[in-house]
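# Secondary and tertiary structure notes
Here's the letter readout for the chains.
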Amino acid sequence: MDAFYASVEWLRYPQLKGLPMVIGGGRRREDELIARLNTERPERSWTAADLADIPVDFFPLLRDYVGRGVITTASYAARPFGIGSAMGLMKAARLCPQAILLPADFDEYRRCSRAFKQVIQGIAPVMEDRGIDEVYIDFTHVPGGQREGGRVLARLIQKSIFQATGLTCSIGVAPNKLLAKMASEFNKPNGISIVHEANLQTLIWPLPCRKINGIGPKADAKLQAHGITTIGELAARERSWLVEHFGRSYGAWLHDAAHGRDERPVVTESEPVSMSRETTFDRDLHAVHDKAELGAIFTRLAEQVAADLQRKGYVGKTIGIKLRYTDFKIATRDTTVAEHTNDARRIRQVAGQCLKRVPLDRRLRLLGVRVGSLVKAAELAGAKSSEEDLDLPLFQ
DNA sequence: TCTGGGGTCCTAGGACCC
DNA sequence: TCTGGGGTCCTAGGACCC
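Starting afresh in each chain, residues are numbered from 1 along the sequence in its written order. To read the labels, note that chains go from A and ligands from 1, taken in the order they are written. Thresholds applied to this predicted model are a pLDDT of at least 70 for local features of residues and 80 or more for the giving and counting of side-chain atom pairs; totals over whole chains, interfaces and linings are not thresholded and use all residues.

## Observations regarding the overall build of chain A
Going along the chain from the N terminus, every DSSP run of H or I of four or more residues is numbered as a helix, and every run of E of two or more is numbered as a strand. Helix and strand content of chain A: 14 helices and 12 strands. For chain A, the spread of C-alpha atoms along the principal axes amounts to about 75 × 60 × 55 Å. Looking at chain A as a whole, 27% of its 396 residues qualify as buried. Of all intrachain contacts in chain A linking residues separated by at least 6 positions in sequence, the fraction that spans at least 24 positions is 63%. Once C-beta atoms are placed from the backbone, each residue is buried if 20 or more other C-beta atoms lie within 10 Å of its own, exposed if 12 or fewer, and partly exposed for counts between those two. By the convention adopted here, residues are in contact when the distance between their C-beta atoms, placed from the backbone, does not exceed 7 Å.

Shown next, in the form of structure tokens:
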């Protein structure tokens, strides 16, 4: 999806379209916005139906932001100022103070996410969920999926999504997921790009290695230290050289990726492995000095994870914590318990034991609670009752 | 000017078992 | 006196992605 969060906001606030704008800095609820409108613009009685009438100068600006948030989405008009995803808002404010700042409304983004995915599945059922704004689609067996190299189907999907949601997307069509992902970036926004194996040298090899999904900042820095900047330069290295310097698994994968090889299937179903909640504090907290505040946050995180597990019908047996110190160093501790659980008090209790195993002499900026080794609660109930069945006398 | 929140997967060492 | 070769599970950290 193109600038997904910003685009969703434009559906409600078309007056902001085309302006430099960033999403980030906490959660927002529409009723709070309306309450603020009625306080600050009392000349009119505002309701949820009036959002498109809110004057542009009502919206908060990046220059007034104070806090620890990051940008989750920057509008295309904001990007020339050098700001983009994951950048701290305080830094972004220096580069583009006049940008409008909207806190994120994840409930609404999730609603739109479900909507566009439903449209796709109605057309091409073999779809892999890759997060809130991205999917892989297998065109292979979709009627018409091969016409014009996939362009006809891609256009149909774009048009159908736009009709259903008012949102635009960019589609890359290629023989595998690796190349399709890269292709999808070629023509943003609202574009289609088709990459064949034969285009590897002309379209893919000139790109920086970082464009490969799976080469992050660390691997890129290491490649650059070896004088490898482009995917073509990576492809020119011997497989054995890459294995020698990057390990058997990652080295071989780098070699395959640089040659456009990727056999991964489009996976339509998967089960979650873990669920977690974490929070960065407004100010750094000390385990001793801010014990009460920290304890309350800890309990809340445990309750939130438990609620997530219960709502989605999972139980887990590996319970852990995550700390981030002021120097950004992370520590994790976890414990696997005998019985699966989704109980807030049990999670809080076991997480509390984990907390005792980590150094707490320095200030913290983040605390998290995680539950892993998940299974469906219903499946566990089934296993339990069949265990109980075994206790029954054989002849009854 | 500091750097969110929610995930997945991989690696590596140690315990433990057969 | 010198100690194999699997395998699984657990834990901690780290890279990477949306």
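Let us keep going from here.
## Thoughts on the nonpolar core
By convention the nonpolar core is taken to be a set of buried residues drawn from Ala, Val, Leu, Ile, Met, Phe, Trp, Tyr and Cys and joined through C-beta atoms within 7 Å. Counting residues in hydrophobic clusters, the biggest one holds 60 residues, and the most contacted among them are Met-21, Val-22, Leu-62, Ala-92 and Ala-99. For this core, the leading source of residues is helix α6 (residues 177–183), giving five residues. Setting aside anything within four residues of it in sequence, one finds Ala-92 in contact with Val-22, Leu-62, Ile-71, Ile-83 and Met-87.

## Considerations on the protein's contact with DNA strand C
Inspection of the region around DNA strand C gives 21 residues, with Gly-131, Gly-216, Lys-218, Ala-219 and Thr-336 positioned closest. Looking at the surface near DNA strand C, the elements that each hand over two or more residues are α8 (217–225) and β10 (330–341). Looking at the surface near DNA strand C element by element, the count peaks at seven residues for β10. Gly is placed with the polar residues, together with every amino acid not listed as nonpolar (Ala, Val, Leu, Ile, Met, Phe, Trp, Tyr, Cys and Pro) or charged (Asp, Glu, Lys and Arg). Considering only residue class, the surface near DNA strand C consists of six nonpolar, eight polar and seven charged. Only the C-beta atom matters for nearness: placed from the backbone, it must lie within 6 Å of the molecule or strand for the residue to count as near.

## Observations concerning the environment of Gly-122
Position of Gly-122 among the secondary structure elements: in helix α4 (residues 106–123). What makes Gly-122 exposed here is the crowd of 11 C-beta atoms within 10 Å. For the pair formed by Gly-122 and Ile-157, sequence separation is 35 residues and the distance between their alpha carbons is 9.7 Å.

## A few points about the UniProt feature "site: Substrate discrimination" (unreviewed entry) in chain A
UniProt positions are given in the numbering used here, feature names are shortened, and annotations may be inferred rather than shown by experiment. Under the present numbering, the feature "site: Substrate discrimination" (unreviewed entry) in UniProt falls on Tyr-5. Inspection of the secondary structure puts Tyr-5 in helix α1 (residues 4–12). Residues in contact with Tyr-5, not counting those within four places in the same chain, are Ile-23, Thr-72, Thr-73, Ala-104 and Tyr-109.

## Brief notes about the UniProt feature "active site" (unreviewed entry) in chain A
As annotated in UniProt, the feature "active site" (unreviewed entry) corresponds to Glu-134 in the numbering used here. Looking at where Glu-134 falls in the secondary structure, it is placed in the loop between β4 (127–129) and β5 (135–137). Classification of Glu-134 by C-beta neighbours within 10 Å gives partly exposed; the count is 15.

## What to know about the protein's contact with DNA strand B
Around DNA strand B, 23 residues are found, and the nearest of them are Arg-68, Gly-88, Ser-249, Val-273 and Thr-280. Put simply, the parts of the chain that give the surface near DNA strand B at least two residues each are α3 (89–95) and β8 (274–285). Per element, the largest residue contribution to the surface near DNA strand B is seven residues, and it comes from β8. Broken down by class, the residue content of the surface near DNA strand B amounts to eight nonpolar, nine polar and six charged.

## Details of the sheet that holds strand β3 (residues 100–104)
Strand order in the open sheet made by the three strands is β2-β1-β3, with mixed pairing throughout. Edge positions in the sheet fall to β2 (71–74) and β3, since each has one partner strand and no second. Adjacent strand axes in the sheet meet at a mean angle of 30 degrees when their direction is disregarded. Two strands qualify as a pair provided that DSSP identifies no fewer than 2 bridges between them. With three bridges connecting them, strand β1 (residues 21–27) and β2 associate as antiparallel partners. Each bridged residue has a counterpart across the sheet, and for Val-22 the counterpart in β2 is Ala-74. Between N-to-C directions, angles cover 0 to 180 degrees, with each direction set by a line fitted to C-alpha atoms, over the stretch in contact for helices.

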